[in-house]
Amino acid sequence: MSETLKVSIVIPAINEERGIGKTIDAINREYCTHQNWEVEILIVDGDSQDKTREVATSKGARVILEKRKGYGRAYKTGLAQATGDVIVTGDADATYPFDTIHTYIQQLLDHHLDFMTTDRFSSLKHGSMTLQHRFGNLALAWTLRLLFLVNIRDSQSGMWIFRREALNHIQPLESFNDGMPFSEEIKIEMFTTPGIKAREIPSTLYTREGQVKLESFKDGYKNLKFLFKKRVTPSQKKTF
Ligand SMILES: Nc1nc2c(ncn2[C@@H]2O[C@H](COP(=O)(O)OP(=O)(O)OP(=O)(O)O)[C@@H](O)[C@H]2O)c(=O)[nH]1
Ligand SMILES: [Mg+2]
């Protein structure tokens, strides 16, 4: 049998009782066990007022309570506690293809990659993204490409598959943005750090379960402002 690979699945969640169960159930644990991958599921809960924590625990996940607000804040806390050799992320709203992550992990291993981000636009499911969101995402991705010369189509995708070791070569986790810009920031860091092999892969997006947390205009503007600010801020990353 092949050597054990530890996989940590890190999922931020706030009031996602409608999507969290479906999200966790989609993971093909049978395949992982067959491959001798040991899977831990970490739910970083932002003090949900519904049954998110109970549902997550009943599905075998470990719940980390992070009361401080923010998508990025949740990831900073969750990633610091993830012990896997490989980390997989995604939302708790059943939009990301957790049913396919075993093939993504296999791809990371087979191609000796350090970081993969998923392009949701390759196969958007009907009704999964409003026209307004699509336009916003397009504008943000264009800005990121121009400012950082990183060739990715989907700068806001929340599903990444990467080696934990890569985190040791980018800027310290704590200096990342606490809000939604965390998503674009991790891609900029991974794609612009020499020595890190990063790739964007085709993926999909399903229709959301439960209430939207994103505030389109406010978050879109914050993400845009963040890109310009980061462009002129000196990097804090270590080199290989
Ligand atoms: N712990 C924690 N999780 C959060 C917070 N804000 C958002 N999340 C979670 O982070 C994930 C991303 O948030 P979403 O509201 O789905 O944002 P989005 O995917 O850009 O927008 P949608 O198109 O509505 O899905 C979801 O699983 C949320 O529950 C927060 O402040 N704390
Ligand atoms: Mg979402």
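Everything quoted here is computed from the prediction, not taken from an experiment.

Our focus in this paragraph is the overall build of the protein. Check the secondary structure of the protein and you find eight helices and seven strands. A compact globule built from 240 residues would reach a C-alpha radius of gyration of about 18 Å, and the protein, at 17 Å, matches this within 12%. A principal-axis box enclosing the C-alpha atoms of the protein has dimensions of 45 × 40 × 35 Å. When the 240 residues of the protein are sorted by exposure, 42% land in the buried category.

Below, the discussion takes up helix α4 (residues 71–81). Every α-helix winds through 3.6 residues per turn, so residues three or four apart in the chain are directed the same way. For α4, the buried fraction is high: nine of the eleven residues fall into the buried class. When we look at burial in α4, the residues that qualify are Y71, G72, R73, A74, Y75, K76, T77, G78 and L79. Buried residues belonging to α4 abut β1 (5–13), β2 (37–45), β3 (62–65), β4 (86–89) and α7 (182–192).

Next up on the list: the environment of T204. Tracing the chain through its elements places T204 in strand β7 (residues 198–205). Owing to 19 C-beta atoms within 10 Å, T204 belongs among the partly exposed residues under this scheme. Sequence separation between T204 and D119 is 85 residues, and the spatial gap between their C-alpha atoms is 7.0 Å. In contact with T204, other than residues within four places in its own chain, are P97, R120, S122, S123 and K125.

At a minimum axis separation of 10 Å, helix α6 (residues 131–148) and helix α8 (residues 216–232) run at an interaxial angle of 0°. With respect to their mutual orientation, α6 and α8 come out roughly parallel. For the pair formed by α6 and α8, the contact residues are Q132, H133, G136, L140, T143, L144 and L147 on the first element and S216, G220, N223, L224, L227 and R231 on the second. Within the contact of α6 with α8, the residues separate by chemical class into five nonpolar, seven polar and one charged.

With that settled, consider the site of ligand 1. Ligand 1 sits among 21 residues. The nearest are P12, G46, A74, V212 and K213. When residues of the shell around ligand 1 are traced back to their parent elements, those giving at least two are β1, β2 and α4. Of the residues assigned to the shell around ligand 1, the class counts are nine nonpolar, four polar and eight charged.

Here the focus is the pairing of strand β6 (residues 160–163). Residues of β6 alternate between two faces, with W160 and F162 on one and I161 and R163 on the opposite face, all of them buried. In the sheet, β4 pairs with β6 via three bridges, with the strands oriented antiparallel. Each bridged residue has a counterpart across the sheet, and for V86 the counterpart in β6 is R163.

This next bit is on unusual backbone geometry. With a phi angle near 50°, H112 is a residue other than glycine that sits in the positive phi range. Positionally, H112 belongs in the loop between α5 (101–110) and β5 (115–124).

For the rest of this paragraph, the subject is the sheet that holds β7. Across the sheet, which stays open at both edges, the seven strands sit in the order β3-β2-β1-β4-β6-β5-β7 with mixed pairing between neighbours. The sheet is open, and its two edges are formed by β3 and β7, each paired on a single side. The mean angle between the axes of side-by-side strands here comes to 25°, regardless of whether they run parallel or antiparallel. Both β5 and β6 contribute to a ladder of three bridges, which runs antiparallel.

Within α7, nine of the eleven residues are buried, leaving the element largely enclosed by the surrounding structure. For α7, the complete set of buried residues consists of F182, S183, E184, E185, I186, K187, I188, E189 and M190. Taken together, the buried residues of α7 touch α4, β5, α6, β6, β7 and α8.

Conventions adopted
- Residues numbered from 1 in each chain as written.
- Chains lettered and ligands numbered in written order.
- Predicted model: local features only at pLDDT ≥ 70, side-chain atom pairs only at ≥ 80, totals over all residues.
- Helix = DSSP H or I, 4+ residues; strand = E, 2+ residues; numbered from the N terminus.
- Rg over C-alpha atoms; globule rule 2.2 N^0.38 Å.
- Buried ≥ 20, exposed ≤ 12 C-beta atoms within 10 Å, placed from the backbone.
- Contact = placed C-beta atoms within 7 Å.
- Axes fitted to C-alpha atoms, helices over the stretch in contact; angles between N-to-C directions.
- Parallel < 35°, antiparallel > 145°, perpendicular 65-115°, else oblique.
- Nonpolar A, V, L, I, M, F, W, Y, C, P; charged D, E, K, R; others polar.
- Near = placed C-beta within 6 Å.
- Pairing = 2+ DSSP bridges.

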